[in-house]
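Given next are the chains, with one letter for each unit.
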Amino acid sequence: MKLLLFASVVSLVILAPSAVFTQAAGGRNPALSPAIERSVDSILAGLTLQEKIGQLVQYTGGWSTGPTGRSINDEQRAFIKEGKTGSLLNVIGSSVTRELQKIAVEESRAKIPLLFGLDVIHGFKTTFPIPLAEAATWDADAVELSARVSAAEAASSGVHWTFAPMVDIARDPRWGRIAEGSGEDPYLGSVMAAARVRGFQGRDLSNPTSIMACAKHYAAYGGAEGGRDYNTVEVSEQTLRDVYLPPFKAALDAGAGTFMASFNEINGVPSSGSRFLLTTILRDEWGFDGFVVSDWNSIGELIPHGYAATPAHAAELAINAGLDMDMESRCFRDNLQSLIEQGKVRTATLDVAVRRILRMKFRLGLFTDPYRASTPEREAKTLRSAANVEAARNVARKAIVLLKNEGHLLPLSRTVKTIAVIGPLAENHRDPVGTWAGPTDTNNVVTLLDGIREAAPASRVLFSPGCAIDGGDTAGIAAAVAIARQADVVLLAVGESEDMSGEACSRSSLELPGRQADLARAVQATGKPTVLVLMNGRPLALSWEAANLPAILETWFLGHETGHAIADVLFGAYAPTGRLPASFPRVTGQVPVYYNHKNTGRPSDDSVHYTSRYLDVPSTPLYPFGFGLTYTSFSYGDLVVASPRVRATDSVSVRVTLKNTGTKEGEEVVQFYVRDEVGSLTRPVRELKAFRRVRLKPGQSTPVTMTIPATDLAFTGVDMRRRVEPGMFSLFVGPNAAEGLVGRFEVIE
Ligand code: BGC
């Protein structure tokens with residue numbers, strides 16, 4: 001009753017996660033469609049052993065295949081005709097996919113359509129921001145839109161299936177693949193995972209503008225020791241379940257049709273041979289009915305892992321663990337027949353895998369229209385349409401995070417007389433597309449320099465690269481300093497190249513590479529007001545820059561609309577709304593530094609020697625998770641815990657008053673964290689449970705209510721069961737993981 005009364009006076013209510021992660025048609029239908037299941041059974045009954053194995057085999061058509069590129073080779077064409085291929089990856093373009101599909105459905109005996117897969121990670125022909133940047137929007141609608149546009153473009157080009165979203169939690173920014181995911185937090189990661197699945201798959205997977213999603217890399221790939229790609233992962237089962245798995249579960253609940261097994265081992269068992277991951281959790285606990293694809297040759301890699309002795313052994317372990325489709329290792333192709341004959345793999349196991357793959361081909365509508373209406377005409381109309389490019393600009397500007405803005409240097413006036421644009425990323429078409437940009441055309445990148453010239457036509461715009469992104473050459477710094485001296489404001493675009501993050505692109509140093517820090521120091525020494533415009537695929541260590549430069553914009557890699565989006569923010573056409581999806585360390589040696597850590601018995605206190613800390617650097621990050629400034633300021637007040645005592649079946653509800661105390665309209669991302677004060681296992685110092693965007697005019701204030709079901713307080717206990725434990729909880733409502741108003745509530749039996 002109290003709760004109801006309370007609810008009636010508030011204007012904004014946070015959606016409970018269960019409402020956020022609604023389910024769409026995909027890999028987990030509560031009731032399997034009887035019609036599809038009957039059709040699958042009847043096809044399966046008519047297949048030869050070789051044809052069944054064929055459905056489990058995926059080949060690459062070559063990286064450069066496409067409308068204007070080369071086609072796949074004759075051997076692979078023959079395999080399609082003989083029914084020995086279930087899927088191809090890296091083949092794009094309606095003409096070539098139609099031609100190959102025609103072989104499958106007209107010339108092969110079983111006439112089963114092929115499935116065309118591709119890494120559609122952040123756009124297809126229209127390149128959106130890298131996924132880490134999209135996560136910085138803290139805006140599920142924006143991320144869903146990006147995936148929807150990407151799906152429509154890819155689908156027009158004959159692609160049926162994307163190897164995305166990448167939902168790996170990454171606590172170590174040295175790991176280059178942090179760029180492909182949503183950062184360090186399981187809740188934000190889950191919101192983004194679900195949004196991407198909804199975007200790719202739409203409401204109906206069989207709609208020809210939808211493509212099937214693939215939650216990857218299952219699982220805990222981001223836990224690689226030392227941040228080195230493909231490296232060993234040692235993680236407790238509780239942390240696996242509470243930190244690494246939630247975004248996978250959210251993707252599944254949103255309907256993701258497929259999962260990809262990861263390269264890494266977890267506690268001694270490589271994922272691609274892990275029955276625990278692929279069957280116990282995914283099938284038995286979660287009820288997934290889509291299929292699992294290996295990562296590239298990850299079945300074959302069971303051998304160097306030291307888990308399988310031979311390719312045949314690897315195939316046996318993988319399929320018996322629950323892995324359904326073999327990407328590129330050939331272990332299934334070459335060994336499944338003899339494994340069946342020897343009784344090492346049961347026919348029933350093979351049939352289950354084939355059934356799962358056929359089921360998803362049916363759900364995609366491939367048996368109704370194997371071409372899914374992809375034509376050159378549709379491609380021409382869809383690819384890089386004006387609406388798609390506009391969407392990319394909108395998402396890109398939302399991804400920008402304002403880290404510092406001393407003396408309100410930003411936004412800039414459009415009448416500023418002379419602007420010096422300096423840095424190796426300022427007039428750069430290649431790097432802003434970021435990693436895994438697929439079939440992008442880098443000529444379509446609007447560079448920062450282009451964007452500034454367009455946005456400030458009356459200004460004199462000078463440009464000098466200053467130095468390269470990497471390497472030791474300082475010869476260009478003098479010229480950069482010379483134009484800085486002539487300017488009223490300097491925009492300094494530095495960061496990483498696109499190939500410094502992504503797969504196999506881990507770095508041991510998070511400081512600015514090459515001589516860019518020298519360039520920054522030289523520009524700063526001119527005394528000119530300088531805006532640091534960062535382009536990078538991971539959190540960087542920016543202690544000097546943060547202490548010495550007045551304004552910092554984190555722009556990540558924003559894709560084709562880079563220059564437009566950054567100019568929109570710099571000149572105030574769009575006031576920044578992005579928030580960090582991962583903590584920024586002070587120095588590299590501090591990583592992993594993440595907000596939802598444990599407290600320890602000697603919590604870090606810089607004034608007390610025997611505490612958990614470093615001698616030479618504070619334990620806190622330079623910029624915490626959730627951090628981001630706006631062009632205005634907000635205050636939080638009047639925290640009221642509406643539910644001071646709750647049962648595990650109730651909701652937790654808290655209200656604050658948010659006020660815009662600045663002089664400009666702005667949008668705040670109100671964040672709600674909890675801490676379970678005492679547990680049967682120790683609990684993190686904070687965990688994000690909900691967030692909400694609130695737009696206010698100057699002087700305006702509003703009550704904001706955050707409500708979550710108390711079941712969201714559950715964690716995995718010693719017995720591996722999830723439960724909410726009675727006891728006291730702290731809650732925090734504020735602008736980031738390090739600030740906020742504090743309250744308490746109790747969970748009672
Ligand atoms: C990557 C996957 C990707 C696959 C296919 C692998 O190297 O780990 O993320 O989907 O290649 O391109």
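Above: the structure in question.
Before going into details, it helps to say that this report is about the structure given with it. Note that the coordinates shown come from a computational prediction; the quantities given were computed from them, not determined experimentally.

Cut-offs and rules
- Residues numbered from 1 in each chain as written.
- Predicted model: local features only at pLDDT ≥ 70, side-chain atom pairs only at ≥ 80, totals over all residues.
- Heavy atoms only, no water.
- Buried < 20%, exposed > 50% of the residue type's maximum accessible area, 1.4 Å probe, protein only.
- Helix = DSSP H or I, 4+ residues; strand = E, 2+ residues; numbered from the N terminus.
- Pairing = 2+ DSSP bridges.
- Right-handed = clockwise from strand over helix to strand, strands pointing away.
- Core = buried A, V, L, I, M, F, W, Y, C linked by side-chain atoms within 4.5 Å.
- Contact = heavy atoms within 4.5 Å.
- Phe/Tyr/Trp six-rings, centres within 6.5 Å; stacked < 30°, edge-to-face > 60°.
- Near = heavy atom within 4 Å.
- Polar contact = N/O pair within 3.5 Å; in protein donor to acceptor, adjacent residues only side chain to side chain.
- Areas by Shrake-Rupley, 256 points an atom, 1.4 Å probe, with all protein chains shown as cover.
- Nonpolar A, V, L, I, M, F, W, Y, C, P; charged D, E, K, R; others polar.
- Salt bridge = Lys/Arg side-chain N within 4 Å of Asp/Glu carboxyl O.

Quick notes on the pairing of strand S12 (residues 418–422)
- Buried residues dominate S12, accounting for 5 of its 5 residues.
- With burial as the criterion, each face of S12 is covered, one bearing Thr 418, Ala 420 and Ile 422 and the other bearing Ile 419 and Val 421.
- Judged from the 5 bridges that link them, S12 and strand S13 (residues 460–464) form a sheet pairing that is parallel. Its bridge partner lying in S13, Ile 422 is registered against Ser 464.
- In this view, the connection linking S12 to its parallel neighbour S13 by way of helix H18 (residues 448–455) has right-handed handedness.
- Alignment of S12 against strand S14 (residues 489–495), held across 4 bridges, turns out to be parallel. Bridge assignment links Val 421 to a residue of S14, and that residue is Leu 491.

Regarding the nonpolar core
- With 100 residues, the main nonpolar core has Leu 100, Tyr 218 and Phe 259 as its most contacted residues.
- Not counting chain neighbours up to four residues away, the residues in contact with Tyr 218 comprise Leu 245, Phe 248, Phe 259, Met 260, Ala 261, Ser 262, Ser 271, Leu 277, Leu 278, Ile 281, Leu 282 and Trp 286.
- Ala 179, Leu 448, Trp 556 and Phe 627 belong to the second-largest nonpolar core, a separate cluster that totals 84 residues.

A short note on the packing of aromatic side chains
- Here the structure, examined in full by the defined rule, presents 20 aromatic pairs.
- The interplanar angle of 70° and the centroid separation of 5.2 Å between the aromatic rings of Trp 161 and Phe 291 together place this pair among those described as edge-to-face. Of this pair, Trp 161 sits in strand S4 (residues 161–162) while Phe 291 is found in strand S9 (residues 291–293), placing the two residues 130 residues apart along the sequence. Each member of the pair Trp 161 and Phe 291 is classed as buried.
- Seen from their ring centres, Tyr 595 and Phe 625 are 4.5 Å apart, and the 10° between their planes marks the pair as stacked. Taken together, the positions of Tyr 595 in the loop between helix H22 (562–570) and strand S17 (634–641) and Phe 625 in the loop between H22 and S17 put the pair 30 residues apart, joining distant regions of the chain.

Thoughts on the site of the ligand
- Close contacts around the ligand come from 14 residues, with Asp 119, Arg 177, His 217, Asp 295 and Glu 503 the closest.
- For the ligand, an oxygen atom lies 2.5 Å from a polar atom in the side chain of Asp 119.
- One of the side-chain nitrogen or oxygen atoms of Arg 177 is found 2.7 Å away from an oxygen atom of the ligand.
- The protein chains hide 96% of the 310 Å² of surface that the ligand would expose on its own.
- The residue inventory of the shell around the ligand, partitioned by class, reads 8 nonpolar, 1 polar and 5 charged.

A word on the pattern of salt bridges
- Applying the stated criterion across every chain yields a total of 43 salt bridges.
- Here Asp 253 and Lys 249 are joined by a salt bridge, their closest N and O atoms 3.0 Å apart. Pair noted here: Asp 253 and Lys 249 are both in helix H11 (residues 246–253), with a separation of 4 residues, about one helical turn.
- By relative accessible area, which is 14% here, Asp 253 ends up buried.

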